[in-house]
Structure formats: structure tokens, C-alpha cells
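# A closer look at the structure
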Amino acid sequence: VQHYLCSSLLKNCMSEQTQIAFLSQKIFLVLVYKFKGHLKQEIEVFLSNVFLRVLDSPNSSFKQKALVLESLRSMSNDPALLTQIFLNYDCDFDSQNLFKEII
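Scope of this entry: the structure provided in the associated data block.

Tallying each qualifying case throughout the model produces two salt bridges. Note that K40 is salt-bridged to D92, the shortest N-O span being 2.7 Å. Of this pair, K40 sits in helix α3 (residues 40–56) while D92 is found in the loop between α5 (79–90) and α6 (98–102), placing the two residues 52 residues apart along the sequence. Take K40: its relative accessible area is 30%, and that puts it in the partly exposed class.

So, in C-alpha cells, the structure goes:
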């Protein structure tokens, strides 16, 4: 189930249809808050390949960028989550520096 859910969310988070992307990002945020201990690799993929890629891409629409920024703002309101991102990714030599990229 985890594989299918994450694959579907990855596709839908990049949707041109704003409502689909919005709902997919909200589901992702719920998964981050509730199951972050079980989804380390998936969170890294989402943040680096969806959220950060949308923000860096000149082809992303304003609405897509606004949705991603809203999701990142929501995550940034939780100091414990930011600390966990730093410890689990930036302090891991095998992972990307997600905290650095987000902040």
C-alpha cells in the first residue's frame, strides 16, 4: 500500500490541476506528521523531486509554486519537524541537505 500511495501522490502533486495538487500535498503533509518515522526515503523524494523542483523550475506555474510554498510554510511552523529534517537528512551523509534547501 505504501508504494502505491506514494507513487500516486508523486504524480498528483505535480498535477496542472490546482485542486488535485493541493489535495495531494495535504495528504503528503498528513503522512509526514503521522508516519515520518516510516517514510524517510519517501519524504526525501517528495521534498527534493517535487517541492524543491517546482520552486526551481521556470516552467512551474505561479499556482504550483504558491501551493508548494504553503506546504513548506506549514512544515516550518513545527520546530520539532524541522529539527527532525535536519537530523535525518542534513546530518546523514547518504541523504540530501533538505533542511538547508528548505530554509
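Next comes the rest of the account.
Turning to the packing of aromatic side chains, a few remarks are in order. Counted according to the given criterion, the structure contains three aromatic pairs. On the numbers, 4.4 Å between centres and 20° between planes, the contact of F28 with F46 is stacked. Of the two residues, F28 is situated in helix α2 (residues 18–35) and F46 in helix α3; the sequence distance between them amounts to 18 residues. Of the two residues examined, F28 and F46, each falls in the buried class. Relative to F99, the ring of F86 lies with its centre 5.6 Å away and its plane at 75°, an arrangement referred to as edge-to-face.

So, about α5. With twelve residues, α5 extends 15 Å between its outermost C-alpha atoms, agreeing within 8% with the 16 Å of an ideal straight helix rising 1.5 Å per residue. Regarding α5, the residues found buried are L81, L82, I85, Y89 and D90. Buried residues of α5, seen end-on, are gathered within an arc of 115° and therefore sit on one face of the element. Turning to α5, the residues buried within the fold contact α2, α3, α4 (62–76) and α6. The opening residue of α5 is D78, an N-cap whose side-chain oxygen sits 3.1 Å from the backbone nitrogen of A80.

About the criteria used
- Residues numbered from 1 in each chain as written.
- Predicted model: local features only at pLDDT ≥ 70, side-chain atom pairs only at ≥ 80, totals over all residues.
- Heavy atoms only, no water.
- Salt bridge = Lys/Arg side-chain N within 4 Å of Asp/Glu carboxyl O.
- Helix = DSSP H or I, 4+ residues; strand = E, 2+ residues; numbered from the N terminus.
- Buried < 20%, exposed > 50% of the residue type's maximum accessible area, 1.4 Å probe, protein only.
- Phe/Tyr/Trp six-rings, centres within 6.5 Å; stacked < 30°, edge-to-face > 60°.
- Expected span 1.5 Å × (residues − 1).
- Arc of directions from axis to C-beta.
- Contact = heavy atoms within 4.5 Å.
- Polar contact = N/O pair within 3.5 Å; in protein donor to acceptor, adjacent residues only side chain to side chain.

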